[in-house]
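Structure at a glance
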Amino acid sequence: QVQLVESGGGLVQAGGSLRLSCAASGSIFNINDMGWYRQAPGKQRELVAAISRGGSTNYADSVKGRFTISRDNAKKTVYLQMNTLEPEDTAVYYCNADVLDKYSVYFKHYWGQGTQVTVSS
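Figured I'd write up the structure that's included with this text. All of these numbers come straight from a predicted model, not from anything done at the bench. (Residues numbered from 1 in each chain as written. Predicted model: local features only at pLDDT ≥ 70, side-chain atom pairs only at ≥ 80, totals over all residues. Heavy atoms only, no water.)

Turning our attention to the overall build of the chain. Helix and strand content of the chain: 0 helices and 11 strands. The N-to-C order of helical and strand elements in the chain reads β-β-β-β-β-β-β-β-β-β-β. The dimensions of the chain, computed from C-alpha atoms along their principal axes, are 50 × 25 × 25 Å. At a minimum sequence separation of 6, the contacts of the chain that also span at least 24 residues come to 56%. Accessible surface for the chain amounts to roughly 6,600 Å². Of this, 47% is attributable to carbon and sulfur atoms. Distance between charge centres in the chain, computed from 12 positive and 10 negative side chains, equals 6 Å. (Helix = DSSP H or I, 4+ residues; strand = E, 2+ residues; numbered from the N terminus. Contact = heavy atoms within 4.5 Å. Areas by Shrake-Rupley, 256 points an atom, 1.4 Å probe, with all protein chains shown as cover. Lys, Arg positive; Asp, Glu negative; His and termini not counted. Charge placed at Lys NZ, Arg CZ, Asp CG, Glu CD.)

Moving on, we come to the pattern of salt bridges. Overall, the coordinates contain 4 salt bridges when judged by the stated rule. Across the salt bridge formed by Glu46 and Arg38, the nearest N and O atoms sit 2.8 Å from each other. The shortest N-O distance in the salt bridge between Arg38 and Asp89 comes to 3.0 Å. Of this pair, Arg38 sits in strand E4 (residues 28–39) while Asp89 sits in the loop between strand E8 (77–82) and strand E9 (91–101); the two residues are 51 residues apart in sequence, bridging distant segments of the chain. According to the relative accessible area criterion, Arg38 is buried, its value standing at 6%. Because the salt bridges share partners, they merge into one network encompassing Arg38, Glu46, Arg66 and Asp89. (Salt bridge = Lys/Arg side-chain N within 4 Å of Asp/Glu carboxyl O. Buried < 20%, exposed > 50% of the residue type's maximum accessible area, 1.4 Å probe, protein only.)

As a further point, take the sheet that holds strand E3 (residues 18–26). Taken in spatial order, the 4 strands line up as E1-E3-E8-E7 in an open sheet, and their pairing is antiparallel. Two strands lie at the open edges of the sheet, namely strand E1 (2–7) and strand E7 (67–72), each paired on one side alone. Along the sheet, successive strands turn relative to each other by an average axial angle of 15°, direction set aside. Two elements, E7 and E8, share 6 bridges in a ladder whose sense is antiparallel. Bridging from a neighbouring strand, Thr68 pairs with Gln81 of E8. (Pairing = 2+ DSSP bridges. Axes fitted to C-alpha atoms, helices over the stretch in contact; angles between N-to-C directions.)

With that settled, the discussion passes to the pairing of E3. Sheet topology note: the E1/E3 ladder contains 6 bridges and is antiparallel. Looking at E3, one finds that Leu4 is bridged to Ala24. Relative to E8, E3 runs antiparallel, the two being bridged by 6 bridges. Its bridge partner lying in E8, Arg19 is registered against Gln81.

The next thing to look at is the side chain of Thr115. Looking at where Thr115 falls in the secondary structure, it is placed in strand E11 (residues 115–120). By relative accessible area, Thr115 is classed as buried at 10%. Within polar-contact distance, the side chain of Thr115 engages the backbone nitrogen of Gly9 at 3.3 Å. (Polar contact = N/O pair within 3.5 Å; in protein donor to acceptor, adjacent residues only side chain to side chain.)

Encoded structure:
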């Protein structure tokens, strides 16, 4: 059993910053890729940023230069630092992790419950 718990969402004015975190817990043996997705009302879910176990990163063009993804493998936590926020960034943000639990022989995808980010103009 694996759980991802997100925190750090909230309301912020345009130009401000927020830092999201997502901690994995449970019967975890190993974690490969981790990432952040977002979904705005009436829109498709999209990948925001991803990071490999070794630290390689990938960003959506819309957030490149403003957002930074990082991870702490010891804490089994992934972070998303969001700077220069825009109203277009308003969405529910979900973390994702590719996890090998202690009772399986292959990796599975897990999702957090989502955290709301609202950027006012």
